[in-house]
Amino acid sequence: MRETFYILTVILLLTSCKEEKRTIEKIDFETNYKFSSVIENETSKDTVNWKYQKSATSYATKGDYKNALIQYDLGMGGKEKNFSKRQIDSINNKYEKVNARNYIIEKAKENQIVIINEAHHNSFNRVFTKSLLKELYDNGYTNLGLEALTNNDSLNTTLNNRKYPVQKTGYYIKDPQFGNLVRDALDIGYNLFAYENMGKGSGKPREIEQAKNIQKVIDSKPNEKYLIHCGYDHALEGNHDYWEKAMASRLTEYTGIDPLTINQTKFSERGTSELNQPFLKALNISESTVLIDKNKNPLKYERGEAFTDIVVFHPNTEYINNRPNWLFENGNKNVSILLNDIQIEFPVMVLAFKKGEDINFAIPVDITEAENKTENCNLGLKKGTYEIVVTNGKESFKFEQKVK
């Protein structure tokens, strides 16, 4: 009896191992995502003043959050600043810390329009906006306007029908975390629309054009609610020091609707934590936070006569296997990808695509770069089936990965 049980156990184990063995297929594959060495080489030769902003965006686009922050620091400069203990005690006595996500969801119930900004090199800003989507939708926010979305009616109609983003969906949307924001929004049921049109150039004309484009959508569905995700100062209300009024303020002017405006860029973490804003360092937070005073009013972001209703403080990122800890939260698992049985020259880029999406066009769910076969290669993936592509730019291989 024992011998029979032992034999059956061995057969089951062997069958299980056979079933789990992956099939690696060599494929023709091209990608626009740049290897770190290419970004470094391009940056070293670049002569424009904003070259580090460009390189920061390139790193963010390929899922390298740490280097995106470091590159942005190189362009921003700065030196370490700290508040005194007395100043820190004063802040902590004056304000109560509350969970930013919960607070925003609750405040949004009183509004028809929510406008939240991002820094274009900061993938976590996109992750935070994504975390708001489901509950905002449940509270009536069924329309999502994205500054980064390509302003082309036929492309956007296809996007809303296709239900996943592709390389032509938008330049910044090539970042996997932005792609996931779009993907989740479509899965939830949002109607996505573009409102950026660079034909008007920059400055005041651009702010007017953005606001008018959003106004047209609101006028077509005046009883619905709207979430707008924009870059930097476009979320400012009041009077802007260069543009007279930013998009958010123009939108109020054109629609008569006062939006809930949220700034999550002012106190964004830096590549070196010592360079963080002293206010952020003083808070010592472990979650995305809004500050509430004794009268239950949120701390605003104010600059001259311009402001946002709420300012969000995000905690410093910690790294697991050299990847951001938040990549493995909110339903994402830390998935280790084995590379030692693939005969390919390193370094390689490892891209995960949702099964059923076209790998030649789709925005990957996650990307990382590996220098050698023994290096940890970890992706943040939800439960499901993925096609993993491993490429060095000359050769490419594909295999299926199930995440349980």
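Residues numbered from 1 in each chain as written. Predicted model: local features only at pLDDT ≥ 70, side-chain atom pairs only at ≥ 80, totals over all residues. Heavy atoms only, no water.

Draft legend 1. Broad picture of empty space enclosed by the protein. Inspection of the entire model under this criterion finds 2 cavities of 30 Å³ or more. As a volume, the largest cavity reaches approximately 70 Å³. Secondary structure elements with two or more residues in the lining of the largest cavity: helix 9 (176–188) and strand 14 (323–324). The residue inventory of the lining of the largest cavity, partitioned by class, reads 5 nonpolar, 3 polar and 3 charged. Taken as a whole, the second largest cavity encloses approximately 40 Å³ of empty space. What lines the second largest cavity is Y65, N122, F124, S268, E269, H314 and P315. Its residues assigned to classes, the lining of the second largest cavity shows 3 nonpolar, 3 polar and 1 charged. (1 Å grid on protein atoms, 1.4 Å probe; cavity = no way out; pocket = protein on both sides within 12 Å on 5 of 7 lines; lining within 4 Å. Points joined across faces, edges and corners; volume = space filled by probe spheres on them. Helix = DSSP H or I, 4+ residues; strand = E, 2+ residues; numbered from the N terminus. Nonpolar A, V, L, I, M, F, W, Y, C, P; charged D, E, K, R; others polar.)

Draft legend 2. Representation of the sheet that holds strand 1 (residues 25–27). Taken in spatial order, the 5 strands of this open sheet run 1-20-19-16-17, and their pairing is antiparallel. Each end of this open sheet is capped by a strand with a single partner; those strands are strand 1 and strand 17 (366–370). Adjacent strand axes in the sheet meet at a mean angle of 30 degrees when their direction is disregarded. Direction of pairing for strand 1 relative to strand 20 (residues 396–403): antiparallel, over a ladder of 3 bridges. Residue pairing in the sheet places E25 in a bridge with K398 of strand 20. (Pairing = 2+ DSSP bridges. Axes fitted to C-alpha atoms, helices over the stretch in contact; angles between N-to-C directions.)

Draft legend 3. Region of interest: unusual backbone geometry. Along the chain, F346 connects to P347 via a cis peptide bond; the corresponding omega equals 5 degrees. Within the secondary structure, P347 sits in the loop between strand 15 (333–336) and strand 16 (348–354). Here the phi dihedral of K163 falls at roughly 80 degrees; this positive angle occurs in a residue that is not glycine. Mapped onto the secondary structure, K163 falls in the loop between helix 8 (153–162) and helix 9. In this structure, N322 is a non-glycine residue whose phi angle is positive, near 70 degrees.

Draft legend 4. The arrangement of the pattern of salt bridges in detail. All chains considered together, the criterion is met by 31 salt bridges. Of the charged contacts, one joins R270 and D73 as a salt bridge, the two residues approaching to 2.6 Å between their closest N and O atoms. Taken together, the positions of R270 in the loop between strand 8 (260–263) and helix 12 (278–283) and D73 in helix 4 (residues 65–76) put the pair 197 residues apart, joining distant regions of the chain. The class for R270 is buried, based on a relative accessible area of 19%. You can call D73 buried: its relative accessible area is 10%. Two residues, D175 and R126, come together in a salt bridge whose shortest N-O distance is 2.8 Å. Within this pair, whereas D175 is found in the loop between helix 8 and helix 9, its partner R126 is found in helix 7 (residues 123–138), the two being separated by 49 residues in sequence. Accessibility assignment for this pair places D175 and R126 in one class, buried. (Salt bridge = Lys/Arg side-chain N within 4 Å of Asp/Glu carboxyl O. Buried < 20%, exposed > 50% of the residue type's maximum accessible area, 1.4 Å probe, protein only.)

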